[in-house]
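# Coordinate inspection notes
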Amino acid sequence: MLELTAYQRSRLAANEQVFWCGTTRPVARFAAWPLFVVIGVVVGAMFSPFLRVVWGLVRRDGTPTAVKIVFALFALPFVGVALGFLLSPLWHWIRTRGSVWVITDRRVIRFFGPFAKSWGYDKLFEYVEWSSAGHGCLDFAFSEHWDRRKGSGYMTTDCIENVRMEDVPFVKAAFQRLSECRRAGEAARQTEKMSGVAVV
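Residues numbered from 1 in each chain as written. Predicted model: local features only at pLDDT ≥ 70, side-chain atom pairs only at ≥ 80, totals over all residues. Heavy atoms only, no water.

### Things to note about the overall build of the protein chain
Our working definition: Segments assigned H or I by DSSP are reported as helices when at least four residues long, segments assigned E as strands when at least two residues long, and all are numbered from the N terminus. Buried residues are those whose accessible area, probed at 1.4 Å on protein chains only, stays under 20% of the maximum for their type, while exposed residues exceed 50% and partly exposed ones sit between those limits. Contacts were defined at the residue level, with two residues in contact if any of their heavy atoms lie within 4.5 Å. Under the convention used here, a 1.4 Å probe and the Shrake-Rupley method define accessible areas, while residue burial counts only the protein chains that appear.
Summing up its helical and strand segments, the protein chain has five helices and seven strands in all. The N-to-C order of helical and strand elements in the protein chain reads α-β-α-α-α-β-β-β-β-β-β-α. Expressed as a percentage of its 200 residues, the buried residues of the protein chain come to 31%. Within the protein chain, counting contacts between residues at least 6 apart in sequence, those at least 24 apart form 55% of the total. Taken as a whole, the protein chain presents about 12,700 Å² of accessible surface, with 63% of it coming from carbon and sulfur.

Have a look at this one:
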């Protein structure tokens, strides 16, 4: 199991117990890079006539500076879309390589550099689902959230992607222990409500 850094340990609670800590293989999305390159080239080709017109206006001496700026800014999103397709697998690879996953007795945490995102009991599935990711890896789906970036929104699944097969037994055991801790906490809260006595 991977050792936590001093910073990562500082983000844990005083009595928080770590069940598993590790990284995953950034292979699946990166292996699909040729497909993203093709999509990026197609998108760029679709808008290339428009971009050539814009570039001609920007370079023309008689075009007012304000018009040049407006047309240049208007062209940037199209260039950004094409570059986004080309570079998204690389960004996914960098993000996966730099991410550390931690499963404790209270939550699931993802560290990426100085940033950390955690999912507590209330965000976790009752039963963690896993499925083959190819390349000798498994994906562990443990939560989902409402993503409103597109229209009225849609449900997006949170998962630990591309877990190495040698780490799979430890990840399964960690999620099982986390579920047991959650059920124990829920049982303790139910007992507290029924008896009116605070449970420590």
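### Observations concerning the packing of aromatic side chains
The test is simple: Each pair of aromatic rings taken from Phe, Tyr and Trp, with Trp reduced to its six-membered ring, is defined by centres within 6.5 Å and is described as stacked if the planes are under 30 degrees apart, edge-to-face if over 60, and tilted in the remaining cases.
Going through the model one piece at a time under the given rule, you end up with seven aromatic pairs. Consider the rings of F140 and F175, whose centres lie 6.0 Å apart with planes at 20°: the pair is stacked. Remark: F175 occurs in helix 5 (residues 168-195) and F140 occurs in strand 6 (residues 137-147); sequence separation between them is 35 residues. By the burial criterion, F140 is buried, and F175 matches it. Among the aromatic residues, those joined into a cluster by ring pairs are W101, W119, W130, F140, F142 and F175.

### Side note on the environment of D167
Mapped onto the elements of the fold, D167 is located in the loop between strand 7 (154-164) and helix 5. Exposure remark for D167: the relative accessible area of 19% places this residue in the buried category. For the pair D167 and W20, spaced 147 residues apart in the sequence, the C-alpha separation amounts to 9.4 Å. In contact with D167, other than residues within four places in its own chain, are W20 and T23.

### So, the sheet that holds strand 2 (residues 99-104)
Sheet strands pair by backbone hydrogen bonding; their relative direction is either parallel or antiparallel. Quick reminder of the rule: Strands pair, by our definition, only if DSSP identifies at least two bridges between them. Here, axes are lines fitted to C-alpha atoms. For helices the fit covers the stretch in contact, and angles between N-to-C directions go from 0 to 180 degrees.
The four strands are arranged 1-2-3-4 in an open sheet whose pairing can be described as antiparallel. Looking at the sheet topology across the chains shown, the edges are occupied by strand 1 (18-22) and strand 4 (115-120). On average, each strand axis in the sheet is inclined to that of its neighbour by 15°, with strand direction left out of account. Helix 5 rests against strand 1, strand 2 and strand 3 (107-112) of the sheet, and its axis sits at about 145° to strand 1.

### Re the side chain of D139
Short version of the rule: Within 3.5 Å is the distance limit for a polar contact, defined as a pair of N or O atoms, with the added protein rule that one can donate a hydrogen and the other accept it, and that residues adjacent in sequence qualify only through two side-chain atoms.
By the element assignment, D139 lies in strand 6. At a separation of 2.8 Å, a polar atom in the side chain of D139 contacts the main-chain amide nitrogen of N162. Not counting chain neighbours up to four residues away, the residues in contact with D139 comprise E129, W130, S131, A133, I160, E161 and N162.

### Looking at the pattern of salt bridges
As a reminder of what qualifies: The salt bridge criterion pairs a side-chain nitrogen of Lys or Arg with a carboxyl oxygen of Asp or Glu, the two atoms within 4 Å.
Under the defined criterion, the tally for this structure stands at four salt bridges. Here E16 ties to R107 by a salt bridge, and the two come within 2.8 Å at their closest N and O atoms. Of this pair, E16 sits in the loop between helix 1 (6-10) and strand 1 while R107 sits in strand 3, and the two are 91 residues apart along the sequence. In this pair, the class of E16 matches that of R107, namely buried.

### Topic: the nonpolar core
Rules: Here, nonpolar core means buried Ala, Val, Leu, Ile, Met, Phe, Trp, Tyr and Cys residues that are tied together by side-chain atoms lying within 4.5 Å of each other.
Within the largest apolar cluster, 18 residues are counted, with the highest numbers of intra-cluster contacts made by I103, V108, F140, F142, I160 and F175. Where this core is concerned, the elements lending two or more residues are strand 1, strand 2, strand 5 (124-134), strand 6, strand 7 and helix 5. For this core, the element with the most residues is helix 5, which contributes five residues. With near-sequence residues (within four places) excluded, V108 lies in contact with W101, V102, K117, S118, W119, L124, F142, F175 and L178.

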